[in-house]
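# Examination of the molecular architecture
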Amino acid sequence: MTHEKVHYDVFVSYDRRDSEQAENIACILRDQGFRVFFDKWVLPLGLPWQSELERVLGECDAVIVCVGPHEMSPWQRREKELALRRQAKEPTFPVIPVFLPGSTPPVDFLTLNNWIDFRNGLDDDFQLRLDHSSQLRLAKASRGELPD
C-alpha cells in the first residue's frame, strides 16, 4: 500500500498538551479551504512518521507554531527550527507564531516574526468566540499576505 503524497497549505506545529486548541485552529483553517497538515489527521498508523513531517515542512506553504503555557516539547522545537531554517533560506516563507491562552512569548528567534495573539481569547467554544478579524488575520498570514 502506498501513502499518497499531498501538498499542504499549512503545517500546524503544537505540543501534545495543546492538542485541543491547536486542532481548533486547524479546523478553522480547513473550513476556510486550506489543506492543513495536522498530524493526528493525516499520519498513517503503524508507519514511520518523522520523514513525512520533514517532507511536509520542506514543501508546505506556511507553518503555524502554536505556543502554549508550558515549554515546547523537544519534537515541537525541532519542527520550529526546521521552519525557521527554511524561512532563513526563503525569506517570504511564513512561520506564524500563535500564542495560546496562558502562554508567555518565548525569548527566541520565533518572536522576531509577527504573531497572532490568542492569549486572552481561546477556550472550548473557540470557533464561536474567535472574532472574524482574528480568523481573517490567521488566514491571510497563512497565505503569506499582509494584514489590512
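The structure we're discussing is the one just above.
Computed from a predicted model, the values in this text were never measured in an experiment.

To continue, consider the environment of P74. Mapped onto the secondary structure, P74 falls in helix α4 (residues 74-89). What makes P74 exposed here is its relative accessible area of 55%. Here the alpha-carbon distance between P74 and D15, two residues 59 residues apart in the chain, equals 9.1 Å.

The next subject is the pattern of salt bridges. For side chains bearing opposite charge, pairing can occur when the charged atoms are close. By the definition in use, this model includes eight salt bridges. Salt-bridge contacts for E52 lead to R55; the nearest nitrogen and oxygen are separated by 2.9 Å. Here E52 and its partner R55 are both found in helix α3 (residues 50-59), three residues apart, which amounts to about one turn of the helix. For E52, a relative accessible area of 10% puts it in the buried group. By sharing partners, the salt bridges in this structure join E52, R55 and E59 into a single network.

Right, let's get into the packing of α3 against α4. Direction vectors running N to C along α3 and α4 enclose 30°, while the axes themselves pass 9 Å from each other. With respect to each other, α3 and α4 are oriented roughly parallel. Considering how the two elements wind past one another, α3 and α4 form a crossing that is right-handed. On α4, the residues that touch Q50, L53, L57, G58 and E59 of α3 are W75, E79, L82 and R86.

We now examine the packing of aromatic side chains. Two numbers describe a pair of aromatic rings. These are the distance of the centres and the angle of the planes. Within the structure shown, the criterion is met by five aromatic pairs. Centre to centre, the rings of Y14 and F38 are 4.7 Å apart; their planes meet at 15°, and the pair counts as stacked. Linking Y14 in the loop between β1 (10-13) and α1 (19-31) with F38 in the loop between β2 (36-37) and α2 (39-42), this pair joins segments that are 24 residues apart in sequence. By way of ring pairs, the aromatic residues Y8, F11 and F37 are connected into one cluster. Positioned over the ring face of W41 is R30, at 4.6 Å from the centre of the ring. Sitting above the plane of the F93 ring, R86 keeps its charged end 3.8 Å from the centroid.

Judged by nonpolar contacts, the single largest core of 19 residues is most densely connected at F11, F37, C60, V63, V65 and V95. Mapped onto this core, the elements with two or more residues apiece are α3, β3 (62-67), α4 and β4 (95-99). Contact partners of V63, with chain neighbours within four places excluded, come to F11, L57, A83, F93, P94, V95 and I96. The next biggest cluster of nonpolar side chains, apart from the first, holds 17 residues, and it includes V10, A22, A26 and L100.

If you walk across this open sheet you meet the five strands as β2-β1-β3-β4-β5, and the pairing is parallel. Among the strands making up the open sheet, the edge pair consists of β2 and β5 (116-117).

Thresholds applied
- Residues numbered from 1 in each chain as written.
- Predicted model: local features only at pLDDT ≥ 70, side-chain atom pairs only at ≥ 80, totals over all residues.
- Heavy atoms only, no water.
- Helix = DSSP H or I, 4+ residues; strand = E, 2+ residues; numbered from the N terminus.
- Buried < 20%, exposed > 50% of the residue type's maximum accessible area, 1.4 Å probe, protein only.
- Salt bridge = Lys/Arg side-chain N within 4 Å of Asp/Glu carboxyl O.
- Axes fitted to C-alpha atoms, helices over the stretch in contact; angles between N-to-C directions.
- Parallel < 35°, antiparallel > 145°, perpendicular 65-115°, else oblique.
- Left-handed = near helix turned anticlockwise from the far one by under 90°.
- Contact = heavy atoms within 4.5 Å.
- Phe/Tyr/Trp six-rings, centres within 6.5 Å; stacked < 30°, edge-to-face > 60°.
- Lys NZ or Arg CZ within 6 Å of the ring centre and 35° of its normal.
- Core = buried A, V, L, I, M, F, W, Y, C linked by side-chain atoms within 4.5 Å.
- Pairing = 2+ DSSP bridges.

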